[in-house]
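Inside the fold
Spelled out from the first residue to the last, the chains are:
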Amino acid sequence: MWGCTIPRLPPTVDAVNDHATGRSGMDHIGGSGRRGHGARHYEIRIAGHLDTRWAAWFEGMSLTHAPDGTTTLTGIVADQSALHGLLQKLRDIGVPLLSVQGDQE
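An account of the accompanying structure is given in this report. (Residues numbered from 1 in each chain as written. Predicted model: local features only at pLDDT ≥ 70, side-chain atom pairs only at ≥ 80, totals over all residues. Heavy atoms only, no water.)

**Observations regarding the pairing of strand 3 (residues 40-47)**
Bridge count for strand 3 against strand 5 (residues 70-77) is eight bridges, and the pairing is antiparallel. When the sheet's bridge partners are listed, Ala47 is paired in strand 5 with Thr70. (Pairing = 2+ DSSP bridges. Helix = DSSP H or I, 4+ residues; strand = E, 2+ residues; numbered from the N terminus.)

**Some points on the pattern of salt bridges**
Considering all chains together, one arrives at four salt bridges under this definition. Residues Lys89 and Glu59 are paired through a salt bridge, measuring 3.6 Å at the closest nitrogen-oxygen approach. Taken together, the positions of Lys89 in helix 1 (residues 80-92) and Glu59 in the loop between strand 3 and strand 4 (62-65) put the pair 30 residues apart, joining distant regions of the chain. Relative accessible area serves as the criterion here: at 10%, Glu59 is assigned to the buried category. (Salt bridge = Lys/Arg side-chain N within 4 Å of Asp/Glu carboxyl O. Buried < 20%, exposed > 50% of the residue type's maximum accessible area, 1.4 Å probe, protein only.)

**Comments concerning the sheet that holds strand 3**
Sheet architecture is open: four strands sit in the order 4-5-3-6, paired in antiparallel fashion. Two strands in the sheet have a free side with no partner beyond their single neighbour: strand 4 and strand 6 (97-102). Each strand axis lies, on average, 15° off the axis of its neighbour in the sheet, ignoring direction. Pairing between strand 4 and strand 5: four bridges, direction antiparallel. Following the sheet pairing, Ser62 is matched in strand 5 by Thr74. Relative to the sheet, helix 1 contacts strand 3, strand 5 and strand 6, its axis offset from that of strand 3 by approximately 15°. (Axes fitted to C-alpha atoms, helices over the stretch in contact; angles between N-to-C directions. Contact = heavy atoms within 4.5 Å.)

**Looking at the environment of Thr72**
Position of Thr72 among the secondary structure elements: in strand 5. Separated by 27 residues in sequence, Thr72 and Ser99 place their C-alpha atoms 9.3 Å apart. Those residues within four positions of Thr72 in sequence are excluded, and the remaining contacts are Glu43, Ile44, Arg45, Ser62, Leu63 and Thr64.

**Considerations on the nonpolar core**
Ile44, Leu50 and Phe58 are the most contacted members of the largest nonpolar core, which has 18 residues in total. Contributions of two or more residues to this core are made by strand 3, strand 5 and helix 1. A per-element tally of this core places helix 1 first, with four residues. (Core = buried A, V, L, I, M, F, W, Y, C linked by side-chain atoms within 4.5 Å.)

**Quick look at the packing of aromatic side chains**
Tallying each qualifying case throughout the model produces two aromatic pairs. Geometrically, the ring pair formed by Trp54 and Trp57 is tilted, given 5.3 Å between the ring centres and 50° between the ring planes. Both residues of the pair, Trp54 and Trp57, count as buried. Through successive ring pairs, a cluster of aromatic residues spans Trp54, Trp57 and Phe58. (Phe/Tyr/Trp six-rings, centres within 6.5 Å; stacked < 30°, edge-to-face > 60°.)

Right under this line is the structure:
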């Protein structure tokens, strides 16, 4: 992909309900499709075509490959903490971040 070895995919995260809070594991990053308080739609653009097998790791985010050699991840992100979690995942796999755009609410 960028001349480096791609790390193995992490184990999938199950959407297990947290009975103490009533929230599911999908409430933190996209996935559920609902917009709660603080949830926003984001487009995160990265350099290179990220293989679609990574889509499960980005829980509910859609991956779109552009002809210019970039990938855009789009979807609902629960809050700033969840956004930082997504950005850390991109950092951890070593992809260059090009832009992050959130909707204006």
